[in-house]
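Here is what each chain is made of, one letter per residue.
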Amino acid sequence: MGSALWIAISGLNASSKQMDVIGNNIANANTMGFKAGKAYFANVLSQSLSGGASGVMQIGQGVTVADVATQFSQGSLESTSSSLDLAIDGGGFFIVEDDEGSQYYTRAGAFHIDGDGYLVDVNDYRVQGYAPSSPALGDINTRNAQSAPVASTSFSVGLNLDSRTDAGDTFYSRRPSTTPRSGSHARFDLHENGREGQWGMNITLDGNAADTQNYTGFSFDGEGNLDKVYSTAMGSLTGSGSGTAAATLADGHDGQIYQTGNLVLQRDGVDAWSVHTSSVYENATVTSYGTLGSDDTLAIDLDGQGGADLTVTLGGTWATNDRLTVPFTCTEVDPADISVSFSGLANGATIGASGALAWDLTSATAETISGYASTSTVKALTNDGYPSGVLKSLAIEKDGNISGFFTNGQTASLGQLCLADFPNPWGLKKMGSNLFSSTLTSGQAIVNTPGAGGLGEVTSNALEMANTDLGTEFISMITAQRAYQASAKVITTTDAMMAELMNIKR
């Protein structure tokens, strides 16, 4: 009977420990990433009453708790509002590292960015992964993340130029073209040049006129569709008498030359010049002139709308009725990309490919230019350059790739999370604070990216909850209670039997 008491006590102890496990599971039912434990029992070595080795007439010596095993089944996923809340859908553990370099493993993915820019967990342990273009496992830091500016090489402008516009009127469009060092802006000056369906165009960059511009205007058909682009040139001047002359178009006025022909100027007398004949500009006038001499200058308004489109510098001696011929050439072609080059930009900045910028008019993605009878307006603007940007937000993909979204609209990879798996995850040691550490029993961590090597994928805006099944725990609680009661009954019954034995001598 003495053995029965000790056997019953072992039952009490085992049931009590089982209740401890159950209580811990229930207490952590709302703990993110918690993995429930399960108590496993084993019988104690039996005693043979016969004293032989036959294995008959054996009486057990009670029960003991053989193991409390962690259950690594998947917990339910709870949606959250933070993109840095992560859950593993499948196997594996997040890897975190403390200030002393010790690594731990967790299923609790409530992460945030600390004051130094590191991705950390609720214990302020740094989450481990791969930095961009690095094969070494390490901290993930976003502190210096920024998007460098990229100079534009091409752009496209969707616009309508009002066919009702009076000659000489100008429509302006301005857009950023982003040079890395100056953040420059390009300005497009489009002016109705006096010929129906044609607009001259010049591009400046922060006030700097283009060094070269292969096409200087647009021609529209009768339906308002872009029909041609044209380029202009001015030939060598010829004159009578012994005088010399050189002509210069004012910056941005190349588009005023829209036909091939000659402009003939005549000296009418002292301090007097006029347009003698013009095959291209009926309204051209000489608007001003300097004192006759070696540096005499003439300002010429080609379209008669005011302003100086052409400057002629005179040299030598010119007599009354001497004439000066200025030849112009205009070449029209089917719509083609407009190439513009610049130099002398602020802060030594460059733009485009070797200083050239292309206005895309012909690609499949080019914006449409029209000449309809409606208000001149910009409808769309695109370009392949952008200014510098600072980090605005983060997103984490299923494969653990961390994408940074910047204020300039760009996206870049800032690293990739890693997960760890173990040959024997049941051998991991619980460290508290939702952390596990590896042991000899668990084996070495096998590190890989999410979704690779049998690991689960990462789900953003979600947290894994505890895998505690309350229904199962309540049933286990009832069975543990009954087992405890039964063991206690064995003790009271044995005690009664021993008391009866003691009463025999009376």
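Residues numbered from 1 in each chain as written. Predicted model: local features only at pLDDT ≥ 70, side-chain atom pairs only at ≥ 80, totals over all residues. Heavy atoms only, no water.

J.: Tell me about the overall build of the protein chain, and name the residues and values.
T.: Within the protein chain one finds two helices and 43 strands. In the protein chain, which comprises 506 residues, the proportion classed as buried is 40%. Taking as baseline every contact in the protein chain between residues at least 6 positions apart, the subset at least 24 positions apart corresponds to 61%. (Helix = DSSP H or I, 4+ residues; strand = E, 2+ residues; numbered from the N terminus. Buried < 20%, exposed > 50% of the residue type's maximum accessible area, 1.4 Å probe, protein only. Contact = heavy atoms within 4.5 Å.)

J.: Break down the pattern of salt bridges for me, with residues and values.
T.: Pairing is possible between side chains that carry opposite charge, provided their charged atoms lie close to one another. One pass over the structure, following the stated rule, counts six salt bridges. The closest approach of N and O atoms between aspartate 162 and arginine 164, which form a salt bridge, is 2.9 Å. Among the salt bridges present, the one from lysine 228 reaches aspartate 334, with a minimum N-O distance of 2.7 Å. Of the two residues, lysine 228 sits in strand β22 (residues 226-234) while aspartate 334 sits in the loop between β30 (323-333) and β31 (338-341), which places them 106 residues apart along the sequence. Several salt bridges converge on common partners, so that one network encompasses Lys35, Arg107 and Glu464. (Salt bridge = Lys/Arg side-chain N within 4 Å of Asp/Glu carboxyl O.)

J.: Residues and numbers for the pairing of strand β37 (residues 411-417), please.
T.: In the sheet, strand β12 (residues 126-130) pairs with β37 via two bridges, with the strands oriented antiparallel. Looking at β37, one finds that tyrosine 130 is bridged to glutamine 416. Counting the residues that bridge the hairpin from strand β36 (residues 401-406) to β37 gives four residues, and of these glycine 409 lies at a positive phi of roughly 85°. (Pairing = 2+ DSSP bridges.)

J.: Go over the sheet that holds strand β29 (residues 310-315), please, and point to the residues and values.
T.: Adjacent strands of a sheet pair through backbone hydrogen bonds, lying either parallel or antiparallel. With antiparallel pairing, the four strands of this open sheet are ordered in space as β24-β29-β28-β27. Lying at the two open borders of the sheet, with one neighbouring strand each, are β24 (244-249) and β27 (285-289). Sheet twist, expressed as the average angle between the axes of neighbouring strands with direction ignored, equals 25°. Strand direction decides the pairing type here: β24 and β29, joined by six bridges, are antiparallel. (Axes fitted to C-alpha atoms, helices over the stretch in contact; angles between N-to-C directions.)

J.: Lay out the nonpolar core with the relevant residues and their values.
T.: Counting 24 residues, the largest nonpolar core has Leu263, Leu265, Leu310 and Val312 as the members making the most contacts within it. Breaking this core down by element, the ones donating at least two residues are β24, β25 (261-269), β28 (297-301), β29 and β30. Looking at this core element by element, the count peaks at four residues for β30. Excluding residues that lie within four positions of it along the chain, leucine 265 makes contacts with Trp273, Ser274, Val275, His276, Val286, Leu298, Ile300, Val312, Asp322, Arg323 and Leu324. (Core = buried A, V, L, I, M, F, W, Y, C linked by side-chain atoms within 4.5 Å.)

J.: Pulling in residues and values, what's your account of the environment of serine 147?
T.: Looking at the element boundaries, serine 147 is found in strand β14 (residues 146-147). Here serine 147 falls in the buried class, since its relative accessible area comes to 9%. Sequence-wise, serine 147 and phenylalanine 406 are 259 residues apart; in three dimensions their C-alpha atoms are separated by 6.6 Å. Every residue in contact with serine 147, bar those within four places of it in the chain, is listed here: Tyr386, Pro387, Ser388, Gly389, Phe406, Asn408 and Gln410. For serine 147, the side chain forms a polar contact with the side chain of asparagine 408, separated by 3.0 Å. (Polar contact = N/O pair within 3.5 Å; in protein donor to acceptor, adjacent residues only side chain to side chain.)

J.: Which residues make up the pairing of β28, and what values go with them?
T.: Of all five residues in β28, four are buried; the element is thus mostly enclosed. Note: β27 against β28, four bridges, orientation antiparallel. Looking at β28, one finds that serine 288 is bridged to alanine 299. As defined by bridge partners, β28 adjoins β29 across four bridges and the pair is classed as antiparallel. Across the sheet, the residue bridging to alanine 299 is threonine 311, located in β29.

J.: Describe the sheet that holds strand β42 (residues 457-460), listing the residues and the values that go with them.
T.: What the three strands build is an open sheet, ordered β9-β6-β42; its pairing is antiparallel. Since the sheet does not close on itself, it has two edges, and those belong to β9 (109-110) and β42, each with one partner. The pairing of strand β6 (residues 85-89) with β42 spans four bridges and is antiparallel. Across the sheet, isoleucine 88 pairs through a bridge with valine 458, a residue of β42.

J.: Can you tell me about the packing of aromatic side chains, naming the residues and giving the values?
T.: Inspection of the entire model under this criterion finds 11 aromatic pairs. On the basis of an interplanar angle of 20° and a centroid distance of 5.8 Å, the ring pair of tyrosine 104 and tyrosine 125 is categorised as stacked. Here tyrosine 104 is found in strand β8 (residues 103-106), whereas its partner tyrosine 125 is found in the loop between β11 (119-120) and β12, with 21 residues between them in sequence. Judged by centre distance (5.5 Å) and plane angle (75°), the rings of tryptophan 273 and tryptophan 318 are edge-to-face. Residue tryptophan 273 is located in strand β26 (residues 272-278), and its partner tryptophan 318 is located in the loop between β29 and β30; the two are separated by 45 residues in the primary sequence. Judged by relative accessible area, which is 9%, tryptophan 318 ranks as buried. (Phe/Tyr/Trp six-rings, centres within 6.5 Å; stacked < 30°, edge-to-face > 60°.)

J.: Quick one: what's the story with the environment of aspartate 322, residue by residue and with numbers?
T.: For aspartate 322, the location among the structural elements is in the loop between β29 and β30. Aspartate 322 sits 53 residues away from glycine 269 along the chain, and the two C-alpha atoms are 9.4 Å apart. Residues in contact with aspartate 322, not counting those within four places in the same chain, are Ser240, Gly241, Leu265, Gln266, Arg267 and Trp273. A polar atom in the side chain of aspartate 322 sits 2.7 Å from the backbone nitrogen of alanine 319.

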